[in-house]
Protein chains: 2
Amino acid sequence: MTKTKDQRADSARPLPLNQILGGDCIEIMNGLPAGSVDLVFADPPYNLQLKGDLHRPDNSRVDAVDDHWDRFSSFASYDAFTRDWLAAARRLLKPNGAIWVIGSYHNIFRVGAEIQNQGFWIMNDVIWRKTNPMPNFRGKRLTNAHETLIWAAKSESSKYTFNYEALKSLNEGIQMRSDWVLPICTGGERLKDAAGDKAHPTQKPESLLHRVIIGTTNPGDVVLDPFFGTGTTGAVAKMLGRDYVGIEREEAYREVAARRLARIRRLDQDAIATTRAKRAEPRIPFGQVVERGMLRPGEELFSIGSRHKAKVRADGSLIGNDIKGSIHQVGAALEGAPSCNGWTYWHFRREGKLIPLDILRQQIRAEMEGDAPRPN
Amino acid sequence: MTKTKDQRADSARPLPLNQILGGDCIEIMNGLPAGSVDLVFADPPYNLQLKGDLHRPDNSRVDAVDDHWDRFSSFASYDAFTRDWLAAARRLLKPNGAIWVIGSYHNIFRVGAEIQNQGFWIMNDVIWRKTNPMPNFRGKRLTNAHETLIWAAKSESSKYTFNYEALKSLNEGIQMRSDWVLPICTGGERLKDAAGDKAHPTQKPESLLHRVIIGTTNPGDVVLDPFFGTGTTGAVAKMLGRDYVGIEREEAYREVAARRLARIRRLDQDAIATTRAKRAEPRIPFGQVVERGMLRPGEELFSIGSRHKAKVRADGSLIGNDIKGSIHQVGAALEGAPSCNGWTYWHFRREGKLIPLDILRQQIRAEMEGDAPRPN
DNA sequence: GTTAACCATGAATCCTCAC
DNA sequence: TGTGAGGATTCATGGTTAA
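An account of the accompanying structure is given in this report. All of these numbers come straight from a predicted model, not from anything done at the bench.

The subject of this paragraph is the sheet that holds strand 5 (residues 146-153) of chain B. Residues and elements named next belong to chain B. In space, the 8 strands of this open sheet follow the order 1-8-7-2-3-5-4-6, with mixed pairing throughout. With partners counted over all chains shown, the strands left at the sheet margins are strand 1 (19-22) and strand 6 (179-182), one partner each. Taken pair by pair, the neighbouring strands of this sheet meet at an average axis angle of 20°, ignoring direction. Across 5 bridges, the pairing between strand 2 (residues 37-42) and strand 3 (residues 93-103) is parallel. Bridging from a neighbouring strand, A42 pairs with V101 of strand 3. The sheet contacts of helix 6 (residues 206-216) involve strand 2, strand 3, strand 4 (121-130), strand 5 and strand 6, and relative to strand 6 the element is tilted by about 140°.

With that out of the way, let us pick up unusual backbone geometry. Residue and element names in this part refer to chain B. Of note in this structure, N18 is not a glycine but carries a positive phi near 55°. Within the secondary structure layout, N18 lies in the loop between helix 1 (5-10) and strand 1. The phi dihedral of E351 is positive, around 55°, even though this residue is not glycine. Inspection of the secondary structure puts E351 in the loop between strand 13 (347-350) and strand 14 (353-356).

With that settled, the discussion passes to the protein's contact with DNA strand D. Residues in contact with DNA strand D amount to 28 residues; listed here are only the nearest, Y164, K168, H328, S339 and R361 of chain A. Counting only atoms of DNA strand D within 4 Å of the protein, the fraction found in sugar and phosphate groups is 60%. Here a phosphate oxygen of DNA strand D and a side-chain polar atom of H328 of chain A are 2.5 Å apart. With respect to DNA strand D, the backbone of F137 of chain B contributes an N or O atom lying 3.3 Å from a base oxygen.

So, about the sheet that holds strand 2 (residues 37-42) of chain A. All names here are of chain A. What the 8 strands build is an open sheet, ordered 1-8-7-2-3-5-4-6; its pairing is mixed. Looking along the sheet, the strands with just one partner apiece sit at the ends: strand 1 (19-22) and strand 6 (179-182). The sheet shows a mean angle of 20° between the axes of neighbouring strands, taken without regard to direction. Summarising the sheet, strand 3 (residues 93-103) and strand 5 (residues 146-153) pair through 6 bridges and their orientation is antiparallel. The partner of A98 across the bridge, within strand 5, is A153.

When helix 12 (residues 358-368) of chain B is considered as a whole, its buried residues turn out to be D358, L360, R361, I364, R365 and M368 of chain B. Around the axis of helix 12 of chain B, the buried residues are gathered within 155° of arc, so they sit on the same side. If you follow the buried residues of helix 12 of chain B, they end up packed against strand 6 of chain A together with helix 9 (287-291), helix 11 (342-345), strand 13 and strand 14 of chain B.

We now examine the packing of aromatic side chains. Under the defined criterion, the tally for this structure stands at 24 aromatic pairs over all chains. With centroids separated by 5.6 Å and ring planes inclined at 85°, the aromatic side chains of W151 of chain A and Y160 of chain A adopt a geometry described as edge-to-face. Centroid distance Y345 of chain A to W346 of chain A: 4.8 Å. Interplanar angle 85°. Geometry classified as edge-to-face. One exposure class covers both Y345 of chain A and W346 of chain A, and it is buried. Lying over the aromatic face of F75 of chain B, R110 of chain B brings its terminal NZ or CZ to 4.1 Å of the ring centre.

Right, let's talk about the protein's contact with DNA strand C for a bit. All names here are of chain B. Looking at DNA strand C, there are 39 residues lining it, with Q49, R56, Y105, R138 and K198 nearest. In the interface set of DNA strand C, defined as its atoms within 4 Å of the protein, sugar plus phosphate atoms amount to 45%. P133 places a main-chain nitrogen or oxygen 3.1 Å from a base nitrogen of DNA strand C. In this structure, a phosphate oxygen belonging to DNA strand C sits 2.7 Å away from a side-chain N or O atom of K198. Partitioning the surface near DNA strand C into residue classes produces 19 nonpolar, 7 polar and 13 charged.

Before going further, it helps to examine the environment of R129 of chain A. Residues and elements named next belong to chain A. Counting through the fold element by element, R129 comes out in strand 4 (residues 121-130). Among the residues examined, R129 registers a relative accessible area of 3% and is labelled buried. C-alpha of R129 to C-alpha of A277: the two residues are 148 residues apart in sequence and 28 Å apart in space.

How each quantity is defined
- Residues numbered from 1 in each chain as written.
- Chains lettered and ligands numbered in written order.
- Predicted model: local features only at pLDDT ≥ 70, side-chain atom pairs only at ≥ 80, totals over all residues.
- Heavy atoms only, no water.
- Pairing = 2+ DSSP bridges.
- Helix = DSSP H or I, 4+ residues; strand = E, 2+ residues; numbered from the N terminus.
- Axes fitted to C-alpha atoms, helices over the stretch in contact; angles between N-to-C directions.
- Contact = heavy atoms within 4.5 Å.
- Near = heavy atom within 4 Å.
- Polar contact = N/O pair within 3.5 Å; in protein donor to acceptor, adjacent residues only side chain to side chain.
- Buried < 20%, exposed > 50% of the residue type's maximum accessible area, 1.4 Å probe, protein only.
- Arc of directions from axis to C-beta.
- Phe/Tyr/Trp six-rings, centres within 6.5 Å; stacked < 30°, edge-to-face > 60°.
- Lys NZ or Arg CZ within 6 Å of the ring centre and 35° of its normal.
- Nonpolar A, V, L, I, M, F, W, Y, C, P; charged D, E, K, R; others polar.

Here you go:
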């Protein structure tokens with residue numbers, strides 16, 4: 001396969017797959033080859049420490065006059081940090097790549113605005129609704145029972161990955177919504193350090209990453225996490241047959257993550273396979289139905305309830321009510337609709353029953369399976 | 001008490017209570033007395049940036065929000081607009097006042113960042129989870145099933161109003177969470193114009209305003225809405241014994257709102273009893289069992305007597321005897337039955353024993369206990 | 001009159017490939 | 001880069017009509 005110009009320019013250091021890189025994520029990302037990553041998942045820090053910023057280093061109270069400047073300074077430095085790591089991540093993405101960022105009201109608005117400013121194209125914001133959040137002990141606010149994720153493609157024109165059918169399947173046949181109800185990470189899943197305390201303050205549940213990775217990557221894709229922490233992204237990516245790249249500044253977290261990842265086993269192909277979308281099926285021209293003699297030229301087709309009729313012609317076009325064209329065009333014209341799926345709209349008659357054309361297409365596809373089996 | 005310069009300058013025009021003011025909200029707010037409002041509720045244009053038409057699978061056309069008031073030339077012009085109306089609203093707030101803003105991913109990040117920049121202090125972001133959102137018809141994204149509200153005090157030092165106990169009792173004795181499950185505004189509540197069409201494209205449900213006003217104002221408080229529309233804020237404020245100030249640019253909306261408000265009667269405090277039906281058992285998709293790691297992709301399931309077997313896949317579907325589908329579909333197919341309850345049909349093996357899936361569903365439901373009940 | 005079937009609609013950044 | 005054609009895609013609710 002031919003490398004893109006970007007990849008050639010940076011090929012001095014190829015993308016190190018399935019490793020945890022130590023150091024500042026902005027510097028490290030800038031040293032990796034551009035256009036080499038399918039998905040970025042980022043859980044950036046949001047320790048604004050605004051309270052602390054109200055005191056000077058000598059611990060004197062900042063007075064009201066300085067208040068505004070101080071706040072601005074704090075937001076400005078966080079915004080600069082956000083701008084830099086987002087730009088570095090965007091450079092790494094393939095043209096059809098995408099990013100997920102998770103945050104809370106402390107930081108997500110600033111991150112979301114910068115995502116838009118940099119030309120990412122937001123697909124959804126997603127609410128992780130926690131089944132077991134920490135209550136607000138003082139009763140001064142609402143229970144902060146959710147976090148917000150932003151899912152954005154690299155650009156408006158990106159052909160991003162979205163496994164619609166797989167997510168629908170995860171939701172028992174109903175279209176997946178933008179609010180996800182999942183428990184926080186506790187119990188055996190929560191990693192502990194040597195002292196038995198939690199190894200990381202904000203470890204995310206694997207269930208959250210499972211949904212992200214199943215929904216917006218394919219097996220073999222590269223998932224990069226610039227704030228790797230204890231490696232939840234890597235663990236789920238590895239389990240589901242994706243490659244990961246982790247970047248983490250703190251050595252203690254890297255060690256916990258490395259031990260965790262060593263224990264993970266990739267699932268076998270059967271388990272990783274997900275329900276394939278119809279649009280991924282090979283396209284069958286209607287003319288093949290006629291060529292193979294499954295329908296004869298001259299045979300009549302009917303819409304539901306026989307409201308409309310049309311005749312099959314030898315070239316695989318239809319003619320009905322003086323309208324000629326494809327099965328789709330004639331159906332759309334007769335219905336006065338902007339479009340029409342002729343495969344499901346038209347029916348042929350066998351033994352008094354009306355059978356949709358799509359049955360014939362499925363027969364042809366089944367025959368083709370034997371010739372060139374597809375994965376899944 | 002000495003008046004501030006602002007208040008002196010504006011005292012020529014006292015705050016007009018329980019009226020709808022016509023005109024540009026920024027100009028009008030700048031002409032009202034500073035520090036005179038307890039709560040601002042704002043539903044600004046979302047800047048949806050819609051392109052072409054959208055059709056449902058049945059070919060009917062979706063009535064898009066393409067009104068002139070939602071069109072902005074760029075992020076920069078939207079940001080300038082946001083900066084100006086937020087500054088004008090902030091000036092009107094009493095020192096202990098607060099603001100609510102509602103939006104979607106199209107605009108809420110930009111609004112939230114500017115709220116922080118201007119020195120408001122965010123208390124919570126609140127998710128309105130819609131029980132009946134419009135689906136994603138093309139299957140290219142997640143159902144956009146929520147909107148986001150930001151609740152912020154005028155400043156960090158504001159002693160904002162929060163009626164903790166009132167919200168707790170609205171929530172059947174459990175602390176109110178940051179995610180609110182409410183239906184969209186339809187049926188008899190949805191206002192119609194003379195032609196019988198919806199009077200406003202984005203009318204909000206009264207239930208949403210009810211919760212906001214009960215939770216963050218006291219009787220007799222002044223609630224200002226700079227994007228009044230058909231006056232939902234005013235209607236609920238009046239009903240609950242608060243004063244309102246509405247600002248609306250479009251005369252057609254003002255007329256609808258005025259008629260609506262004339263019909264509203266203030267309730268006795270005693271009459272604000274909340275009735276709600278018992279919560280239905282929440283539906284648990286089998287996919288959650290897989291995401292949460294209660295069963296691993298690849299694990300085998302068995303029917304009673306182990307007559308049939310199937311394997312769990314990563315998307316929560318099963319594969320057994322070459323049949324793929326949900327736990328219910330595969331069970332039904334293997335039994336040659338029209339339907340099958342997969343939760344009781346399938347079993348997993350633990351320590352040599354076969355355990356029905358339904359045990360896992362009960363575990364998930366138990367974890368969800370204590371969640372906010374669903375209305376209706 | 002009762003029930004079932006049918007229809008309408010909601011803040012939406014909603015297609016993809018070949019030529 | 002545009003154009004044209006193939007053909008894939010929906011959930012909850014409330015109101016209206018048919019049986």
